[in-house]
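Remarks on the overall topology
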Number of protein chains: 4
Amino acid sequence: MTTSPNSRPRTRATASKKRLFAASMQLLGARGPNAVSVDEIAQIAGVSKGTVYYNFGSKDKMIGQVLEFGADMLVAELVEASTLSEPRDALRTMASIAIDFVEKYPSFAQIWISEQLRPESDWGDQITPVYTRVTSTIIEVIDRIVVLAQEEKQPVATAIFGAALFSARLRAASANPENRETILNSVLFIVGGLIATHEPVTDH
Amino acid sequence: MTTSPNSRPRTRATASKKRLFAASMQLLGARGPNAVSVDEIAQIAGVSKGTVYYNFGSKDKMIGQVLEFGADMLVAELVEASTLSEPRDALRTMASIAIDFVEKYPSFAQIWISEQLRPESDWGDQITPVYTRVTSTIIEVIDRIVVLAQEEKQPVATAIFGAALFSARLRAASANPENRETILNSVLFIVGGLIATHEPVTDH
Amino acid sequence: MTTSPNSRPRTRATASKKRLFAASMQLLGARGPNAVSVDEIAQIAGVSKGTVYYNFGSKDKMIGQVLEFGADMLVAELVEASTLSEPRDALRTMASIAIDFVEKYPSFAQIWISEQLRPESDWGDQITPVYTRVTSTIIEVIDRIVVLAQEEKQPVATAIFGAALFSARLRAASANPENRETILNSVLFIVGGLIATHEPVTDH
Amino acid sequence: MTTSPNSRPRTRATASKKRLFAASMQLLGARGPNAVSVDEIAQIAGVSKGTVYYNFGSKDKMIGQVLEFGADMLVAELVEASTLSEPRDALRTMASIAIDFVEKYPSFAQIWISEQLRPESDWGDQITPVYTRVTSTIIEVIDRIVVLAQEEKQPVATAIFGAALFSARLRAASANPENRETILNSVLFIVGGLIATHEPVTDH
DNA sequence: AATGAATGAGCATTCATTCAT
DNA sequence: GATGAATGAATGCTCATTCAT
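The structure presented is a predicted model; accordingly, all values stated were derived computationally and were not measured.

1. Considerations on the nonpolar core
In this structure, Leu91, Ile138 and Ile142 of chain C together with Leu91, Ile138 and Ile142 of chain D are the most contacted members of the largest nonpolar core, which totals 133 residues. Not counting the four nearest positions on each side in its chain, Leu91 of chain C is found in contact with Ile138, Val141, Ile142, Ile145, Leu188 and Val191 of chain C. Within the second largest apolar cluster, 132 residues are counted, among which are Val66 and Leu74 of chain A together with Val36 and Ile190 of chain B.

As C-alpha cells, then:
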C-alpha cells in the first residue's frame, strides 16, 4: 500500500522496513509514541536498532510515516464508504468504521487529536493533517444532504468527527462498551439537527 | 490542614506548593506531562527540585493533583452555567466555556481524552474521570429539553462533549481560529437533531 | 545504662534522645547504616528529622553513639560471663551470648567487621574498636587456661572472636539454624587445640 | 558466547566489559558496593556510563557478576591448594591464600559476610553463596584428617572460615599487621582441637 | 543493507543537612 | 528543645542517536 505498485516485481523491496512498519503500527497504535522505545520496536520487528535509523533516519520520522500509513488506512476506508448511494447510510457507515479503527488502534485517536498542538514539528511536516482529510470526506457527503454555507461546512464536519472519535475512544476504553447503534445514533443527531434547520439538497 | 486559619499573620504559608501548582498548570496545560520535566517545573516555580518531592511525593502525584485541580476548575464553571434558566442557553454557554478553557490549557483536552486509556493508573486512582463529571452535567441540562431513554443519555452527552472538545482543540491550534459562533452552532446541532426526533419535556 | 547513674535524679534528661536511641538500635541492628535513612529513624522514634540534628549533630555521629551503645551492651555481658569460675564455661557462655546478640542485631556483626576498614572516620574517632574490647576480655579468660606467649594472645583471641561472630552471623541468617551446641563446640575447638599444644596454667 | 573463538583477529572484542570488570574489582574490592557509584566505575574504566547498562543491565547485576568473579578467583585457588598431599599443609596454605585475597580486596570479606543477610536478593540469585563453596572445600580436607559426624562438619568448617576471614580482615586493616605465621597457627588451633578429641582417619 | 557496541544528555528520585521560627 | 519546610548534590537508569564494520 505504501509502496505504490511498480510495474516491475520489486523482489523484496525492504523486508526490514515492512517488519518495522508492522511492529510500529501495533505498538504505537496500542500505547502511543512516548510509551514505546526504538529498542522495543526493533526487537518486536526482529531487526537491530540500527536498522531503524538506516531505514527511517530517526524515531520521529518513522512515527510520522507510520502515522501517515494509519491515516491512509482509515481515510481509504472512509472514502470508500462515502460513495454509498444513500448519504445518511454513508455517514453511519463511516462512523462505524471509525469505531472499529479506534478499537484496534486506540492511541491513534489520541495522537491525531494532539497532532495539531506541536508548535514546530515533531513527527511532522506531516503532509496533510488527518482531520483535514477526514472532514473533507465528511463534507462531501453532507453536501449531498443539505445546503450549507461555505463557512459552516468545516465546523460541522469537525463536530461530527470529534463526536465520533471521542465516543469511539471511550467505547474502546470501556470494559463493557456501549451499544454501537446507540453511539451511531448519537453522532448522527448532528445531521438530524442540520436537516431540521437547513434546506435539503434538491437532486438537480 | 496546611491552611488551618491561624490568628497570626502567617506570612506566606505554603507558598512553595502554590507556586508549584501555578507553574504546573501553566506548563502541563501547554505541553502535557511527558514534555515537562520536574526540573523545569521547579525552576519556573522558583523552588528547588527537592521541594517538589517534599510537597507532592512524586511527579505523578503532583500531576494527578494538578489535573484534578484543572478538572475542578472546568467542572465548576460548567455546573454554574448549567443552571441558566433556558437550557439551550446553558448548553451554548457551557460549550463556550469549554472553548475558553481549551484555549488556555490546550493539552488538558488531550490528557482527558487519553485519560481512560491507562490500563492501571498513572496519575493516581483519579477519583472520577473528567468526562463522567462533565457528561453528567450535560445530561442534567438535556433532561430539561427532551425526554430521552436512559441508555441514550450517556452516548448523547458523550457525543456533545466530544464534538465540543475536539472543535475547541482544533480552534486553539489554528492560526486564524474559526468563528466561535459557528462552532457553537455546529455542536448544538446535536441538540437540534435530538429535538427533531424526541418528545419535548412538558413543563408539568 | 548509657547515662552512668548520677547522684541526682535527672528528671527526664532527653526523652527525644532516648526514643531516637531505641529506634536506631532497632533499625540499625536490623538493616545497617546505609539501608536506614534519617527520615525513617525519626519517624519510628516519633520525632521530627530536625531533632536528630539537634541532638546528635549528624547521622554519622548518631550512628557512632548507637554503635558504641550496642558495643557496651555486648561487652558488659561478655565481661560478666568472663568471671565464671570455670574459664572454659566462661568462654562457652561468652560465645553463646554472642550468638544471641547477633541474632537480635544481625547487622552489628557486619558493621563491626567493616569498622576498621574506614580510612579516615565515618562514624568515628570511635574510642576503642569493639573487637579490641572483646578480644581483651577473651584474653583474660584464656590466660586462666593456658600459658601463651605475649604475641600469640591477640591472634588467638581474634580467631575465636571471628569464628564465633561468623558462625553466629550465619546461624542468624539461616532459615533452620544449626544446633547451638554444635556451633559452640566448633568455636571452642580452638581452645582444645591450644590446650593440646601449650602448658596449662598452674594455680600458683 | 561473547568470546566465541573467531578465526579472524578479533581486535579487542568486548574491551569495554573487561575494563568495567577490572575497574569494578578494584573499586568494589576497596570500598564496597554502596560507596561506589556507577559514574565512578565508568570513569575509571574509561567508558561512558551508558556502557555499564549496555553490558550489564544494572548496577546490581554488574556487582553480582563481579562478586561471582571474585569468588571464583578465591575458590579456584583454595581448591587447588586443597589437593596438597598433606591435609594440614593444605589448610595452612588455604588460610594463607585467604589472607592474601583479603589484603588485596578488603571489602570482599565484608560483602561475603553480609551476603546471607539480604532478605530477598540484591545482587541477583547469586548461584551459590561463597561461604558454602569455601566450607565444602574445607570439609573435604578435614575429612582427610579426622572422622567427624555429619552434622559437625559444616559448623567446624564455618568456624575455620570465620576465624581466617576475620583475622585476615583485621590484619589487612592494621597499620603494622600481625605476623602471618602467628595468624595461621591461631586459625589452625581449631584443627588441633579437632584432632585432640576425634579419631584420626585411618589410611585405608 | 544491516548490525550492535557505545554514547551522553536528560530524568525522576533520594537523602543528609540547614535554618527560621 | 524541637520542628518541618526547603535545599541541592548525588545516583541509578533510559533512550534516541552515531558509527565503524
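And the narrative resumes.
2. Here's the deal with the protein's contact with DNA strand E
What surrounds DNA strand E is a group of 31 residues, the closest being Thr51 and Tyr54 of chain A, Lys59 of chain B together with Thr51 and Tyr54 of chain D. Atoms of DNA strand E within 4 Å of the protein belong to the sugar or the phosphate in 64% of instances, the rest to bases. Contact between DNA strand E and Ser16 of chain D: a phosphate oxygen at 2.7 Å from a side-chain N or O atom of the residue. A distance of 3.0 Å separates a phosphate oxygen of DNA strand E from a polar backbone atom of Ser48 of chain D. Looking at the surface near DNA strand E, its residues break down into 10 nonpolar, 15 polar and six charged.

3. Considerations on the protein's contact with DNA strand F
Taken together, 31 residues sit near DNA strand F, with Thr51 and Tyr54 of chain B, Thr51 of chain C together with Lys49 and Lys59 of chain D positioned nearest. For DNA strand F, the fraction of protein-proximal atoms (within 4 Å) that sit in sugar or phosphate groups is 67%. A distance of 2.2 Å separates a phosphate oxygen of DNA strand F from a polar side-chain atom of Thr51 of chain B. Contact between DNA strand F and Ser16 of chain C: a phosphate oxygen at 3.0 Å from a side-chain N or O atom of the residue. Of all the secondary structure elements, the ones that give two or more residues to the surface near DNA strand F are helix H3 (49-56) of chain A, helix H3 (49-56) of chain B, helix H3 (49-56) of chain C together with helix H3 (49-56) of chain D. When grouped by side-chain class, the residues that make up the surface near DNA strand F number 10 nonpolar, 15 polar and six charged.

4. Notes on the relation of the copies chain B and chain A
Copies of the same chain, two in number, are related to each other by a rotation about an axis and a translation along it. Expressed as a screw transformation, the operator carrying chain B onto chain A has a rotation angle of 179° and an axial translation of 0.1 Å, and the superposed copies differ by an RMSD of 0.3 Å. Such values leave the two copies arranged in the relation of a two-fold axis. Rotation axis and chain B: the residue whose C-alpha lies nearest the axis is Gly193 of chain B, separated from it by 1.7 Å.

5. Examining the side chain of Ser96 of chain D
As for its position among the elements, Ser96 of chain D is in helix H5 (residues 87-104). The residues contacting Ser96 of chain D, other than those within four sequence positions of it, are Arg180 and Leu184 of chain D.

6. Describing the packing of helix H8 (residues 150-173) of chain A against helix H9 (residues 180-197) of chain A
Residues and elements named next belong to chain A. It is at 10 Å that the axes of H8 and H9 come closest, and there the two elements cross at 170°. By the angle between their directions, the pair H8 and H9 is classed as roughly antiparallel. Relative to H9, the crossing made by H8 is right-handed. Every residue of H9 that contacts H8 at Val156, Ala159, Ile160, Ala163, Ala164, Ser167 and Arg171 is listed here: Arg180, Ile183, Val187, Ile190, Val191 and Leu194. Counted by class, the contact of H8 with H9 contains 10 nonpolar, one polar and two charged residues.

7. What about the interface of chain C and chain D?
Counting residues at the interface gives 38 residues for chain C, matched by 39 residues for chain D. The contact between chain C and chain D buries some 3,200 Å² in all, and 76% of this surface belongs to carbon and sulfur atoms. Our count for the chain C to chain D interface comes out at two residue pairs in polar contact (both at pLDDT 80 or more). If you list the elements that add at least two residues to the side of chain C that touches chain D, you get helix H6 (106-114), helix H8 (150-173) and helix H9 (180-197) of chain C. In terms of residue count, H8 of chain C provides more of the side of chain C that touches chain D than any other element does, 16 residues in total. Counted by class, the side of chain C that touches chain D contains 19 nonpolar, 15 polar and four charged residues.

8. A word on H3 of chain B
All names here are of chain B. Restricting attention to buried positions, one finds in H3 the residues Thr51, Val52, Asn55 and Phe56. Along the axis of H3, the buried residues cluster in a sector spanning 105°; they form a single face. Check the buried side of H3 and you find it contacts helix H1 (15-31), helix H2 (38-45) and helix H4 (59-81). Where H3 terminates, the next one or two residues include Gly57, which has phi positive at roughly 90°.

9. So, the pattern of salt bridges
Residues and elements named next belong to chain B. Per the counting criterion, the structure on display carries 28 salt bridges over all chains. Measuring nitrogen to oxygen at the nearest pair gives 2.7 Å for the salt bridge that ties Asp100 to Arg180. Of this pair, Asp100 sits in helix H5 (residues 87-104) while Arg180 sits in helix H9 (residues 180-197), and the two are 80 residues apart along the sequence. Judged by relative accessible area, which is 22%, Arg180 ranks as partly exposed.

10. Concerning the UniProt feature "DNA-binding region" (unreviewed entry) in chain A
The UniProt entry lists residues 37-56 of chain A under the feature "DNA-binding region" (unreviewed entry), expressed in the numbering used here. Annotated as residues 37-56 of chain A, this span is 80% helix and 0% strand, and its ends, taken at the C-alpha atoms, are 15 Å apart.

11. As for the packing of aromatic side chains
One pass over the structure, following the stated rule, counts 32 aromatic pairs over all chains. Look at Tyr105 of chain C and Phe108 of chain C: their rings are 5.6 Å apart centre to centre, the planes differ by 65°, and that puts the pair in the edge-to-face class. This pair shows no difference in class: Tyr105 of chain C is buried, exactly as Phe108 of chain C is. Among the aromatic side chains, those forming a connected cluster through ring pairs are Phe101, Tyr105, Phe108 and Trp112 of chain A. Residue placement shows Lys17 of chain A over the ring face of Phe56 of chain A; its charged tip is 5.3 Å from the ring centre.

12. Description of helix H6 (residues 106-114) of chain B
The periodicity of an α-helix, 3.6 residues per turn, causes residues three or four places apart in sequence to face the same way. Burial within H6 of chain B is extensive, with nine of its nine residues counted as buried. When H6 of chain B is considered as a whole, its buried residues turn out to be Pro106, Ser107, Phe108, Ala109, Gln110, Ile111, Trp112, Ile113 and Ser114 of chain B.

13. Some details on the interface of chain B and chain A
Chain B puts 38 residues into the contact, and the matching count from chain A is 38 residues. Contact between chain B and chain A buries roughly 3,200 Å² in total, counting both sides, with carbon and sulfur atoms accounting for 76%. Linking chain B with chain A are zero salt bridges, by the criterion used here. Counting across the chain B and chain A interface gives two residue pairs in polar contact (both at pLDDT 80 or more). Looking at the side of chain B that touches chain A, the elements with two or more residues in it are H6, helix H8 (150-173) and H9 of chain B. For the side of chain B that touches chain A, the element with the highest residue contribution is H8 of chain B, accounting for 16 residues. Residue composition of the side of chain B that touches chain A, by class: 19 nonpolar, 15 polar and four charged.

Rules and cut-offs
- Residues numbered from 1 in each chain as written.
- Chains lettered and ligands numbered in written order.
- Predicted model: local features only at pLDDT ≥ 70, side-chain atom pairs only at ≥ 80, totals over all residues.
- Heavy atoms only, no water.
- Core = buried A, V, L, I, M, F, W, Y, C linked by side-chain atoms within 4.5 Å.
- Buried < 20%, exposed > 50% of the residue type's maximum accessible area, 1.4 Å probe, protein only.
- Contact = heavy atoms within 4.5 Å.
- Near = heavy atom within 4 Å.
- Polar contact = N/O pair within 3.5 Å; in protein donor to acceptor, adjacent residues only side chain to side chain.
- Nonpolar A, V, L, I, M, F, W, Y, C, P; charged D, E, K, R; others polar.
- Helix = DSSP H or I, 4+ residues; strand = E, 2+ residues; numbered from the N terminus.
- Least-squares fit on C-alpha atoms with pLDDT ≥ 70 in both.
- Axes fitted to C-alpha atoms, helices over the stretch in contact; angles between N-to-C directions.
- Parallel < 35°, antiparallel > 145°, perpendicular 65-115°, else oblique.
- Left-handed = near helix turned anticlockwise from the far one by under 90°.
- Buried area = accessible area lost by both parts, 1.4 Å probe.
- Arc of directions from axis to C-beta.
- Salt bridge = Lys/Arg side-chain N within 4 Å of Asp/Glu carboxyl O.
- UniProt positions renumbered as here; feature names shortened; annotations may be inferred.
- Phe/Tyr/Trp six-rings, centres within 6.5 Å; stacked < 30°, edge-to-face > 60°.
- Lys NZ or Arg CZ within 6 Å of the ring centre and 35° of its normal.

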